[in-house]
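Examining the three-dimensional arrangement
In case you want the letters, here they are:
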2 protein chains.
Amino acid sequence: MRSLTVDSLNPSLLKVEYAVRGELAIKAEEYRNRLKEADHGLPFDRVISSNIGNPQQVGLDQPPITFTRQVAALMEYPELAKLAPDVFAKDVLARAAELKAEIGSIGAYSHSQGVPFIRQNVAKFIQERDGFPADPNHIFLTAGASSGVALLISMLISDPKAGILIPIPQYPLYTATIAQYDGTPLPYFLDGSAEWSTSLHEIKSALEIAERDGINPRALVVINPGNPTGALLSEETQEELVRLCEEHSLVLLADEVYQDNLHKRSTHPFTSFKKIVSRLQSPVPLVSFHSISKGVMGECGRRGGYFECTNFSPDIMALIYKMASVGLCPPLQGQICVDTLVRPPKEGDESYPLWKKETDTIHEALASRTKVMAGRLNDLPGISCVDSPGALYLYPQISLSDKAIEAASKAGKQPDTFYALALLDETGICVVPGSGFGQREGHWHYRLTCLCPGVDEYVGKLEKFHKSWVEKYGQ
Amino acid sequence: MRSLTVDSLNPSLLKVEYAVRGELAIKAEEYRNRLKEADHGLPFDRVISSNIGNPQQVGLDQPPITFTRQVAALMEYPELAKLAPDVFAKDVLARAAELKAEIGSIGAYSHSQGVPFIRQNVAKFIQERDGFPADPNHIFLTAGASSGVALLISMLISDPKAGILIPIPQYPLYTATIAQYDGTPLPYFLDGSAEWSTSLHEIKSALEIAERDGINPRALVVINPGNPTGALLSEETQEELVRLCEEHSLVLLADEVYQDNLHKRSTHPFTSFKKIVSRLQSPVPLVSFHSISKGVMGECGRRGGYFECTNFSPDIMALIYKMASVGLCPPLQGQICVDTLVRPPKEGDESYPLWKKETDTIHEALASRTKVMAGRLNDLPGISCVDSPGALYLYPQISLSDKAIEAASKAGKQPDTFYALALLDETGICVVPGSGFGQREGHWHYRLTCLCPGVDEYVGKLEKFHKSWVEKYGQ
């Protein structure tokens, strides 16, 4: 038989790139395995995975929210309510009993769109957040935001000339998914010199280029709070973006998974696009994504989230439902976690004080680490870094000398990848080079998470490495 | 702005059909909601969802395996080991502690391919099952078998002329996925008059048609035990199929999710394709799919499973890994359930007697219900039904009179859909018409699950309906 070769496979998949779990992450994993050997010969004793917003991973160990986990345990093994009732607060037992009555066993497939009762609770959450109604039938529970994004993008790419406007830098899920479904990315640049703000002018330029190239723009992706930038949009900018979508008949894909990761709430608040679209009574088709993986829960491993569709016709909703049904249903443990996300304990509930303490601690730690890290990185020669008001990341810009760029070129690497590989080799810290997110030509960055608990030791390593780099390659 | 219309969306998605959750299931759900009203006016008091193999759903209520759920509860809330140790058997506590030590929190993303330790256990399970080695690096944990099948099919469809050989009748995931990724299905017919056996002759005919039409066959899908047919392949046939894949350079996609649902083990045993390929030392690229949703666990809602790749080159494995990584990782609760699937309690373990009793009960109930249902359906006029030796379904053939076909045509329905809709309207039993799985022209079927606990009442309703149908439309 002829052997199966990569060249014979779907060419669109070959084009897909996903740096968050790419070369750096694979090498970090090799190091992690090598560290188990007594005589590993590495200049560090642990690997710190700062490449991905995964707060509960070993080494970062952000504790899960007790309320969420107790409800989950009771749903797994409902007999616990009888066998060990004293372990659980009364409102936890009541929540689990209520979910059990609505869902039955979490071992059963649910409605493909997600448990109707949980979608009702999501709708109430949205309504309370925004002050505008939400319809449970317009909400789809998902296996994390990623699967929802993939479904929507695959639907909107009708042919290779279909274009999707994406911010640069962007979370590479977008470029990966657009490549997978053989569409055309239409990049628009965010402004690193102005807190990574979004400019209408840049989007209009991207639309002009699309028109010149015969690309049909279908959707505008906005990530708010930004990933990797942490930037927050002003309501004024949001209104302009909605108007622009109206003008160009674009679907607005609003990635709002970091809506609860706000480090400067008074100066940089979050407003949902659902609220803006509702307030403007705009006809723009909007899909807003949320997730249990981020915020203070950080329940990445369960795979849960939702998206809400606004201004979609019933036949398009039916198409989305059909496609969701081929995958049967989102994971039930993700779904019930969405319930605890949108219905946390309330003041007066037995579990409220613990929930409040746990969530406050995580919010405060993240905000303070972000600030400290940004400050110390900015003090380093050749590094400038926006002090992110939101999300889980910093995205420092690094200036790289000609000598460094030449050395990178000799090694067959992008300069920022070369920097990140050296950082990993010397410190065990794994970050993602900016080339994975996109950046202006000649600019270099990396993304790192602000999740590592021992911030002093962590930033100390980054500083020491950078100083030795500057000594070696100049600035 | 121009409004967003279905016509402007990805045309491949419009072609997708998935009858298992289609028209019948949607109507059944409407009935279920209507039954909540006091004055519902329906001639039944509950809906029985026999359209989908979902054993734990409300109304069927197959109990989960205690071992699995206890381990899951401890992983959700590890403090239980201290707070309520007496609730759990010693081996359950030990298993949870072992998984916790390997994984850390189940709220963290795992390796994109699945937790390495669990993949090692899957490899041992395969090795013990088949007597041939298995490599953990060739195993991908998945969110159910469906997501793995979608990934592989999307990879193999390099262009619209890429063909995938699928059995008819088939589980509609295959036609749906091939349509979604714009490939060409190459149907080969199973023989309903010979226990739904697979014939090389039929596959060769399909290959000839492909050649005539300029379609490039890439893969052969085999479902063993069959869905919807319940048929089991003989080792002789399996060897022939492997040889045929060699001859035509086909990837063999072996859907083996029902490998533990065997009702006649002595006469109809299961042999994995991995074993056949290994024994023949064949170079055929094989992907074998397994799932936690079927077997005796029926843990559909967690979304877990795995696939094993045999005879794939490292660069193709890297491509599969890259695509898996864009989705980050399979749900952790699905992954740990795979661990309890491949490592059930052993004789001597404290939890073994209960596990044995629970699994024996489910095996026996399924085998006996299948036999009773097949026998009674075969006694009805115009129904003939293979007494399935495996899986969870029966796939009776129904003869429909010209009068019935004419009435269906007037209603704008396929004749078997018309029959299934009438069954649902009169009894509340939801089945899937054969047109959803494919059938020879002029043949009519439906698929129903053998999961309903009160088999007498259930089959009684089917009988009563069918008799009144025959009275109305003749035979």
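Scroll up a little and you will see the structure.
The following paragraphs examine the structure supplied in this document. (Residues numbered from 1 in each chain as written. Chains lettered and ligands numbered in written order. Predicted model: local features only at pLDDT ≥ 70, side-chain atom pairs only at ≥ 80, totals over all residues. Heavy atoms only, no water.)

Looking now at the interface of chain A and chain B. At the interface, 90 residues of chain A touch 90 residues of chain B. If you sort the residues of chain A by the area they bury against chain B, Met 1, Arg 21 and Tyr 109 of chain A come out on top, with a joint share of 11%. Our count for the contact surface shared by chain A and chain B stands at three salt bridges. One salt bridge connects Glu 76 of chain A with Arg 69 of chain B, and the closest N-O pair in it is separated by 3.9 Å. Where chain A packs against chain B, one counts 41 residue pairs in polar contact (both at pLDDT 80 or more). Counting residues per element, the side of chain A that touches chain B draws most heavily on helix H12 (residues 314-326) of chain A, at eight residues. (Contact = heavy atoms within 4.5 Å. Buried area = accessible area lost by both parts, 1.4 Å probe. Salt bridge = Lys/Arg side-chain N within 4 Å of Asp/Glu carboxyl O. Polar contact = N/O pair within 3.5 Å; in protein donor to acceptor, adjacent residues only side chain to side chain. Helix = DSSP H or I, 4+ residues; strand = E, 2+ residues; numbered from the N terminus.)

So, on to the relation of the copies chain A and chain B. Superposition record for chain A on chain B: RMSD 0.0 Å, screw rotation 180°, translation along axis 0.0 Å. Each copy turns onto its partner about a two-fold axis. Proximity to the rotation axis, assessed at the C-alpha, singles out Ala 73 of chain A in chain A; its C-alpha lies 2.2 Å from the axis. The overlap is high: 100% of the interface residues of chain A also sit at the interface in chain B, so the same surface is used on both sides. (Least-squares fit on C-alpha atoms with pLDDT ≥ 70 in both.)

It is worth spelling out the sheet that holds strand S10 (residues 393-394) of chain A at this point. Read from one edge of the open sheet, three strands run S10-S14-S13 (chain A), paired in antiparallel fashion. The open sheet has two edge strands, S10 and strand S13 (432-433) of chain A, and neither has a second partner. (Pairing = 2+ DSSP bridges.)

Turning our eyes to something else, we now look at the side chain of His 268 of chain A. Residue and element names in this part refer to chain A. Relative to the assigned elements, His 268 resides in the loop between strand S6 (251-255) and helix H11 (273-279). Exposure remark for His 268: the relative accessible area of 16% places this residue in the buried category. Polar contacts involving the side chain of His 268 include one to the side chain of Glu 195, which spans 3.2 Å. Here His 268 is in contact with Glu 195, Leu 232, Leu 262 and Pro 389, once residues within four sequence places are set aside. (Buried < 20%, exposed > 50% of the residue type's maximum accessible area, 1.4 Å probe, protein only.)

Another aspect to go through is the sheet that holds strand S14 (residues 446-449) of chain B. Within a sheet, neighbouring strands are paired by backbone hydrogen bonds and run either parallel or antiparallel to one another. Residue and element names in this part refer to chain B. Strands sit in the order S10-S14-S13 across an open sheet of three strands; the sheet is antiparallel. The open sheet terminates on both sides in strands that have one partner only, identified here as strand S10 (393-394) and strand S13 (432-433). Sheet topology note: the S10/S14 ladder contains two bridges and is antiparallel. Each bridged residue has a counterpart across the sheet, and for Leu 394 the counterpart in S14 is Leu 448.

With that settled, the discussion passes to helix H8 (residues 173-180) of chain B. Residue and element names in this part refer to chain B. Within H8, seven of the eight residues are buried, leaving the element largely enclosed by the surrounding structure. For H8, the set of buried residues is Leu 173, Tyr 174, Ala 176, Thr 177, Ile 178, Ala 179 and Gln 180. Within two residues after H8, Asp 182 carries a phi angle of roughly 65°, on the positive side.

Here we take up the packing of helix H7 (residues 144-156) of chain B against H8 of chain B. Residue and element names in this part refer to chain B. Between H7 and H8, the shortest axis-to-axis distance is 10 Å and the interhelical angle comes to 40°. For the element pair H7 / H8, the angle class is oblique. Crossing hand, H7 versus H8: right-handed. Contacts from Ser 146, Val 149, Ala 150 and Ile 153 of H7 reach H8 at Leu 173, Tyr 174, Thr 177 and Ile 178. Here the residues of the contact of H7 with H8 are counted per class, giving six nonpolar, two polar and no charged. (Axes fitted to C-alpha atoms, helices over the stretch in contact; angles between N-to-C directions. Parallel < 35°, antiparallel > 145°, perpendicular 65-115°, else oblique. Left-handed = near helix turned anticlockwise from the far one by under 90°. Nonpolar A, V, L, I, M, F, W, Y, C, P; charged D, E, K, R; others polar.)

What follows concerns the pairing of strand S6 (residues 251-255) of chain B. Residues and elements named next belong to chain B. Here S6 lies mainly inside the structure; five of its five residues are buried. Going residue by residue along S6, you find Val 251, Leu 253 and Asp 255 tucked away on one face and Leu 252 and Ala 254 tucked away on the opposite face as well. Across five bridges, the pairing between strand S5 (residues 216-223) and S6 is parallel. From the neighbouring strand, Val 221 faces S6, where its bridge partner is Leu 253. On the question of chirality, the crossover connecting S5 to the parallel S6 by way of helix H10 (residues 235-248) is right-handed. Where S6 meets strand S7 (residues 286-291), four bridges bridge the pair, whose relative direction is parallel. Across the sheet, the residue bridging to Leu 253 is Val 287, located in S7. Crossover connection from S6 via helix H11 (residues 273-279) to parallel S7: handedness right-handed. (Right-handed = clockwise from strand over helix to strand, strands pointing away.)

Take H10 of chain B next. Residues and elements named next belong to chain B. Compared with an ideal rise of 1.5 Å per residue, which puts 14 residues at 20 Å, H10 spans 20 Å between its outermost C-alpha atoms and is within 8% of the ideal. By the burial criterion, the buried members of H10 are Thr 237, Gln 238, Leu 241, Val 242, Leu 244, Cys 245 and Glu 246. On its buried side, H10 packs onto helix H9 (200-213), S5, S6 and H11. In the stretch just after H10, Ser 249 is the one whose phi turns positive, near 55°. (Expected span 1.5 Å × (residues − 1).)

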